[in-house]
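Chains, contacts and geometry: an overview
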Amino acid sequence: MKSKVILGITIFILTMTLGFFIYIKILPKPLSNPTQVQDHAESPLLQLPPTDAPEPLNASDFVLAKIRLQMTRDEVLRTLGAPLDKIVDEDPSLHNPDYTCYYETWSYPQLKIIFLTSAANDDPMPETGLVFAIEATSPKYATPRGIKVGDPKDKLFKEYGKPIVSEGFYSYEDDMSTLSFTIEDGMINCITVYLLLD
């Protein structure tokens, strides 16, 4: 009987000792250097996005000189008045060789509005074209986010984020439209808004 009691006590002590050892092992180790907390917080997995990140593009960003894409001629006339000049260019349709695409450019001071329409090769140019592109070279015309000709490129990047850069154009796109800037000596010298064509 006495030996059973001693054996039970021995097992109890061993169990408690082993449990305490496991408990100590799984406890987090204290930081030897308080700056480790800061280093851990700066892990890429824990970083939050910057609070001043630019808002994503939406339909209201593709407006310039109060003109939006796909406006009618009458709407442009009511907004800007009669143009100083009109020029029509034409190209064969890329999708159907039996059709011709017409690009009609209305010129205003340092501003161009381009309408696009199409017709069968034997038909006259329709008068129903919609705004396809807007181009401004004057600081008078700012984007909805306040970017205008003459602004530094750093201001552009702050308002719109990282652009798509190709052949000297700094562009921002959605599924249908593009907002594009050209930059010379670090300054914006032209702003263009246009529809993407398939």
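The following paragraphs examine the structure supplied in this document. (Residues numbered from 1 in each chain as written. Predicted model: local features only at pLDDT ≥ 70, side-chain atom pairs only at ≥ 80, totals over all residues. Heavy atoms only, no water.)

1. Thoughts on the sheet that holds strand β9 (residues 177–184)
Overall, antiparallel pairing links the 8 strands, which are arranged β3-β4-β5-β6-β10-β9-β8-β7 in an open sheet. Of all the strands in the sheet, the pair left with one neighbour each is β3 (85–92) and β7 (164–166). Geometrically, the sheet is characterised by an average inter-axis angle of 20° between neighbouring strands, direction not taken into account. Bridge analysis of strand β6 (residues 130–136) against strand β10 (residues 187–195) gives 4 bridges, and the strand direction is antiparallel. Pairing of Ala136 across the sheet is with Ile191, part of β10. Of the strands in this sheet, β8 (169–173), β9 and β10 are in contact with helix α4 (residues 153–160), which crosses β9 at around 155°. (Pairing = 2+ DSSP bridges. Helix = DSSP H or I, 4+ residues; strand = E, 2+ residues; numbered from the N terminus. Axes fitted to C-alpha atoms, helices over the stretch in contact; angles between N-to-C directions. Contact = heavy atoms within 4.5 Å.)

2. Concerning the pattern of salt bridges
Scanning all chains against the criterion turns up 5 salt bridges. Measuring nitrogen to oxygen at the nearest pair gives 2.9 Å for the salt bridge that ties Arg145 to Asp61. Placement of the pair is Arg145 in the loop between β6 and α4 and Asp61 in the loop between α2 (35–41) and β1 (63–64), with a sequence separation of 84 residues. Take Arg145 and Asp61: they sit in the same class, and that class is buried. With a closest N to O distance of 3.4 Å, Lys148 and Asp151 form a salt bridge. Because the salt bridges share partners, they merge into one network encompassing Lys148, Asp151 and Lys155. (Salt bridge = Lys/Arg side-chain N within 4 Å of Asp/Glu carboxyl O. Buried < 20%, exposed > 50% of the residue type's maximum accessible area, 1.4 Å probe, protein only.)

3. Here we look at the pairing of β3
Two strands pair when backbone bridges link them, and β3 and strand β4 (residues 99–108) are joined in this way by 8 bridges, in the antiparallel orientation. Bridge pairing in β4 links Asp91 to Cys101. If you look at the hairpin formed by β3 and β4, you'll find 6 residues sitting between the two strands.

4. Some remarks on the pairing of β4
In terms of residue burial, β4 counts as a mostly covered element, since 8 of its 10 residues are buried. Sheet topology note: the β4/strand β5 (residues 111–120) ladder contains 10 bridges and is antiparallel. Opposite Tyr102, over in β5, you have Thr117 as the bridge partner.

5. Remarks on unusual backbone geometry
Backbone geometry at Lys66 places phi at a positive 65°, although glycine is not the residue there. With respect to the helices and strands, Lys66 occurs in the loop between β1 and β2 (67–68). Phi angles above zero are rare outside glycine, and Glu167 is one such case at about 55°. The residue Glu167 is located in the loop between β7 and β8 in this model. Looking at Glu167, the relative accessible area reads 76%, which means it is exposed.

6. Comments concerning the side chain of Thr117
Among the secondary structure elements, Thr117 is positioned in strand β5. Once you skip the residues sitting within four places of it in the chain, Thr117 turns out to touch Thr100, Cys101, Tyr102, Met125, Pro126, Thr128 and Gly129.

7. Looking at the environment of Asp185
Considering the arrangement of structural elements, one finds Asp185 in the loop between β9 and β10. Considering only alpha carbons, one finds Asp185 and Lys153, 32 residues apart in sequence, at a separation of 9.3 Å.

8. Observations concerning the nonpolar core
Formed by 31 residues in total, the largest nonpolar core has its most connected members in Val76, Leu111, Ile113, Val131, Ile134, Leu156 and Phe181. Among the elements of the structure, β4, β5, β6, α4, β8, β9 and β10 are those that each provide at least two residues to this core. Considering each element in turn, this core owes the most residues, 5 residues, to β6. Ignoring any residue separated from it by four or fewer positions in sequence, one finds Val76 in contact with Ile67, Met71, Gly81, Trp106, Tyr108, Ile113, Phe115 and Val131. (Core = buried A, V, L, I, M, F, W, Y, C linked by side-chain atoms within 4.5 Å.)

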